[in-house]
Amino acid sequence: KGIWGTPKGPLGHPEVATVGLDDLQQRCQQAYEQGARFAKWRNVLQLDPAKRMPTELAIADTVHTLARYASISQSEGLVPIVEPEIVPNGDHDIYYCAQMTEKVLAAQFKALADHHIYLEGAVLKPNMVKNGLGGPKASAETIAALTCQTLLRTVPPAMPGIFFLSGESARNEDNEEEATINLSTMNSLFAGKLPWHLSFSYGKALQRTCIVTWLGKAENKDAAQKALKARAKANSDACFGKYKAGSCRSLGPDDASSVPAGPY
């Protein structure tokens, strides 16, 4: 739901708050009984330097809601995946994203501490620190350096794993390949220097070659499975900083029109 009185951001709407805490404990109980052991909650924040977004109000609401969700999830035996997502829409540069991501994550871990979250029993799903989709393009090395710098400044070593959003890219860029290269660069440049595991929470950029190869047709199943396994192997290599750029086939920017619209 929109937060009344907040500015309109690059997504075309004001800042937002999520609802659903009222019956979350009951839903967590039901999910656990049905075999679930993880839960995920996503809050969205927008960037706009001219409008000083995200606002203090949006940040405060986001981190409080995510901390309450994490507390309720852990009370029912579920591992909370905490996702304060800063979307890449906008014309901002990577340095503004780094500044705001650090601010949001610092506030998030303060809120998690206030709510007595057992960090060893939770995981973080953040955005990478990147330029806006319409902003000046940053290199993989800059993305890796600023992302890890931000995480090292804000995320306690007790957090066992950080599982990135794969991230949107501009329409003239290769989502899957760039996401894998960024992850591999982080794990290469910071090998032995990070207290937590860095990987992906599988998302849009890491599934699209598989999905477009499949298109819901039985005759494409084997080829789609092969594509998914290849990208999974590429990202396994990236977790060790060993991915070789271009070694895994993916949809290039010319294939962007083939990608299904909307979330998946």
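The rules we used
- Residues numbered from 1 in each chain as written.
- Predicted model: local features only at pLDDT ≥ 70, side-chain atom pairs only at ≥ 80, totals over all residues.
- Heavy atoms only, no water.
- UniProt positions renumbered as here; feature names shortened; annotations may be inferred.
- Helix = DSSP H or I, 4+ residues; strand = E, 2+ residues; numbered from the N terminus.
- Rg over C-alpha atoms; globule rule 2.2 N^0.38 Å.
- Buried < 20%, exposed > 50% of the residue type's maximum accessible area, 1.4 Å probe, protein only.
- Contact = heavy atoms within 4.5 Å.
- Expected span 1.5 Å × (residues − 1).
- Polar contact = N/O pair within 3.5 Å; in protein donor to acceptor, adjacent residues only side chain to side chain.

As recorded by an unreviewed UniProt entry, the protein carries the name fructose-bisphosphate aldolase and is attributed to Cladocopium goreaui. Among the UniProt annotations of the protein, the heading Pathway (unreviewed entry) holds the following wording: "Carbohydrate degradation; glycolysis; D-glyceraldehyde 3-phosphate and glycerone phosphate from D-glucose: step 4/4." UniProt's Sequence similarities (unreviewed entry) comment on the protein is quoted here verbatim: "Belongs to the class I fructose-bisphosphate aldolase family."

1. Some words on the overall build of the protein
Broken down by element type, the protein carries 7 helices and 5 strands. Along its sequence from the N terminus, the protein presents helices and strands in the succession α-β-α-β-α-β-α-β-α-β-α-α. Taken against the 2.2 N^0.38 rule, which gives 18 Å for 264 residues, the C-alpha radius of gyration of the protein at 19 Å falls within 12% of a compact globule. Along the longest, intermediate and shortest principal axes, the C-alpha atoms of the protein span 45 × 45 × 40 Å. Taken over 264 residues, the protein has a buried fraction of 49%. Long-range pairs, those at least 24 residues apart, make up 78% of the contacts in the protein between residues at least 6 apart in sequence.

2. Topic: helix 5 (residues 175–189)
When the terminal C-alpha atoms of helix 5 are compared, their 21 Å separation across 15 residues agrees well with the 21 Å that a helix rising 1.5 Å per residue should span. Burial analysis of helix 5 places 12 of its 15 residues in the buried class, the great majority of the element. Inspection of helix 5 places Asn 175, Glu 176, Glu 177, Glu 178, Ala 179, Thr 180, Asn 182, Leu 183, Ser 184, Thr 185, Met 186 and Asn 187 among the buried residues, and these make up the whole buried set. Along its buried surface, helix 5 packs onto helix 4 (140–154), strand 4 (161–164), strand 5 (197–200), helix 6 (208–214) and helix 7 (221–239). In this structure Asp 174 caps helix 5, since a side-chain oxygen of it lies 3.3 Å from the backbone nitrogen of Glu 176.

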